[in-house]
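# Breakdown of the fold
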Amino acid sequence: MLTNPTGKITQGQFSFLPELTDAEIGLQIKYGLSKGYAWSVEYTDDPHPRNTYWDMFGMPMFDLQDPAGVLMEVNNCRKTFPNHYIRLMAFDSTRGIESVAMSFIVHRPANEPGFRLDRQEVNGRSLRYTTHGYASDKPENQRYSK
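Reading the values: the criteria
- Residues numbered from 1 in each chain as written.
- Predicted model: local features only at pLDDT ≥ 70, side-chain atom pairs only at ≥ 80, totals over all residues.
- Heavy atoms only, no water.
- Core = buried A, V, L, I, M, F, W, Y, C linked by side-chain atoms within 4.5 Å.
- Buried < 20%, exposed > 50% of the residue type's maximum accessible area, 1.4 Å probe, protein only.
- Helix = DSSP H or I, 4+ residues; strand = E, 2+ residues; numbered from the N terminus.
- Contact = heavy atoms within 4.5 Å.
- Pairing = 2+ DSSP bridges.

## Overview of the nonpolar core
The biggest cluster of nonpolar side chains holds 20 residues, and the ones touching the most others in it are Ile29, Trp39, Val41 and Leu88. Of all the elements in the fold, those that place two or more residues in this core are α1 (22-34), β1 (38-44), β2 (55-61), α2 (67-80), β3 (85-92) and β4 (99-107). Per element, the largest residue contribution to this core is four residues, and it comes from α2. If we ignore the near neighbours within four places in the chain, the residues touching leucine 88 are Ile25, Ile29, Trp39, Ser40, Val41, Val70, Val74, Met102, Ser103, Phe104 and Val106.

## Some details on the pairing of β3
Among the eight residues of β3, eight are classified as buried, and the element is accordingly described as predominantly covered. Here β3 shows no split at all, with Tyr85, Arg87, Met89 and Phe91 on one side and Ile86, Leu88, Ala90 and Asp92 on the other all buried. Here seven bridges tie β1 to β3, and the two strands are oriented antiparallel to one another. In the strand pairing of β3, threonine 44 is matched with tyrosine 85. Direction of pairing for β3 relative to β4: antiparallel, over a ladder of seven bridges. Bridging across to β4, arginine 87 finds its partner in isoleucine 105. Linking β3 back to β4 in an antiparallel pair, the connection comprises six residues, with glycine 96 at a positive phi of about 85°.

Pasting the structure below:
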């Protein structure tokens, strides 16, 4: 059974939907701002499922109230890192802690090589699985270049 018919990395919200347009991204940003969330832009060339710490592009936008400003940061990140994954993160600080309320990918490299699942038999016929990203076979910053 094929569980991911898109063949794309599926992290965060909207992963199985078609790519969001900038207008749709702007609506999500507007929704987050109406809830009092602060937005930040992050990027990586290693989207391994356990890689939760992506690099930050600029500073979190705690005081920004205009969706156009967040989209401007996204577009600057797209220009700077055209062959990386870029995601938006919305932080909710209403309880005195910074917790992620929304997270979704807004840019992908043209080529997504995907992952391989390595299976290893260990003690007592137990199975151990490891996820290996095909992109990580190349050096950093060369993973998605053609």
